[in-house]
Amino acid sequence: MEIRPVPYDHADAVALDRLVQREYEQRYGEGDMTPLDPAMFRPPHGTYLLAYENGRPLATGGWRSQDAGPEGYADGDAEIKRMFVVAEARGRGLARRILAALEADARAAGRTRMVLETGIKQPEALALYASCGYRPVPKFGLYRTYEDSRCMGKPLAGDAGAPAGTHVRAHSS
């Protein structure tokens, strides 16, 4: 398995984004309405990762820089977006490996806290994040007024890096 950075508008990223949007629609009745632009995930302000096995994209996730403002973020925040693992690859630790790589990258970029928003209809996501040290934080972002939204955060200072065996290759395009 190889984890590598790709542009947010890379064909494989777009294909996995379609799948995650379908899953959101099944769980919530609509896709994620958060406006995202490929520039948000370009270093040093973010990154977007795909996990590949035998050339097939299996998992995805990205982070983008956020700072204090009217949507409730804090200075130094790195917001996780589009964490997703295809159904047939779940339970293999891919999300955990993507998450660790995102944390390491955000830390290296000088971000001080990783934050995310998910919902109560994604219990596996809530469990993953809690098991990785994420705790509830005051709500932020587009869904901050939604009752079924959950926001979580984790300080990045002094955190351990990506797990052994995770290989992140420099982006080339």
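Now for a quick tour of the structure. Keep in mind that this is a model prediction, so the values were computed, not measured.

Helices and strands together make up the secondary structure of the protein, namely three helices and seven strands. From first element to last, N terminus to C terminus, the protein shows the α and β order β-α-β-β-β-α-β-α-β-β. Relative to the 2.2 N^0.38 estimate, which gives 16 Å for 173 residues, the radius of gyration of the protein is 15 Å and therefore close to what a compact globule would have. Expressed as a percentage of its 173 residues, the buried residues of the protein come to 45%. Put simply, 66% of the contacts in the protein that link residues at least 6 apart link residues at least 24 apart. Carbon and sulfur atoms provide 53% of the accessible area of the protein, an area that totals close to 8,500 Å². The average position of the 23 basic charges and that of the 23 acidic charges among the side chains of the protein differ by 4 Å.

Quick look at the sheet that holds strand E5 (residues 113-119) now. Strands sit in the order E1-E2-E3-E4-E5-E7-E6 across an open sheet of seven strands; the sheet is mixed. Looking at which strands have only one partner, the edges of the open sheet turn out to be strand E1 (2-5) and strand E6 (135-136). Summarising the sheet, strand E3 (residues 56-66) and strand E4 (residues 77-85) pair through seven bridges and their orientation is antiparallel. When the sheet's bridge partners are listed, Thr60 is paired in E4 with Phe84. Set on the sheet, helix H1 (residues 11-28) makes contact with strand E2 (46-53), E3, E4 and E5; between it and E4 the angle comes to about 85°.

Another aspect to go through is a nonpolar patch on the surface. On the surface, a cluster of nonpolar side chains totalling about 250 Å² of accessible area is made up of Met33, Leu142 and Tyr146. With respect to the helices, strands and loops of the structure, Leu142 is situated in the loop between E6 and strand E7 (149-155). We classify Leu142 as partly exposed; its relative accessible area is 36%.

On inspection of all chains with the given rule, the structure shows 14 salt bridges. Among the ionic pairs, Asp17 bridges to Arg82, the shortest N-O distance being 2.5 Å. Here Asp17, found in helix H1, pairs with Arg82, found in strand E4; they are 65 residues apart in sequence, far enough to count as distant. Residue class for Arg82 comes out buried when judged on its relative accessible area of 5%. One salt bridge connects Arg27 with Glu23, and the closest N-O pair in it is separated by 2.9 Å. Residue Arg27 and its partner Glu23 are located together in helix H1, separated by four residues, close to a single helical turn. Overlapping salt bridges, with partners in common, bring together Asp17, Asp32, Lys81 and Arg82 in one network.

About the criteria used
Residues numbered from 1 in each chain as written. Predicted model: local features only at pLDDT ≥ 70, side-chain atom pairs only at ≥ 80, totals over all residues. Heavy atoms only, no water. Helix = DSSP H or I, 4+ residues; strand = E, 2+ residues; numbered from the N terminus. Rg over C-alpha atoms; globule rule 2.2 N^0.38 Å. Buried < 20%, exposed > 50% of the residue type's maximum accessible area, 1.4 Å probe, protein only. Contact = heavy atoms within 4.5 Å. Areas by Shrake-Rupley, 256 points an atom, 1.4 Å probe, with all protein chains shown as cover. Lys, Arg positive; Asp, Glu negative; His and termini not counted. Charge placed at Lys NZ, Arg CZ, Asp CG, Glu CD. Pairing = 2+ DSSP bridges. Axes fitted to C-alpha atoms, helices over the stretch in contact; angles between N-to-C directions. Patch = residues over 30% accessible without salt bridge, like charges linked within 9 Å, V, L, I, M, F, W, Y side chains within 5 Å. Salt bridge = Lys/Arg side-chain N within 4 Å of Asp/Glu carboxyl O.

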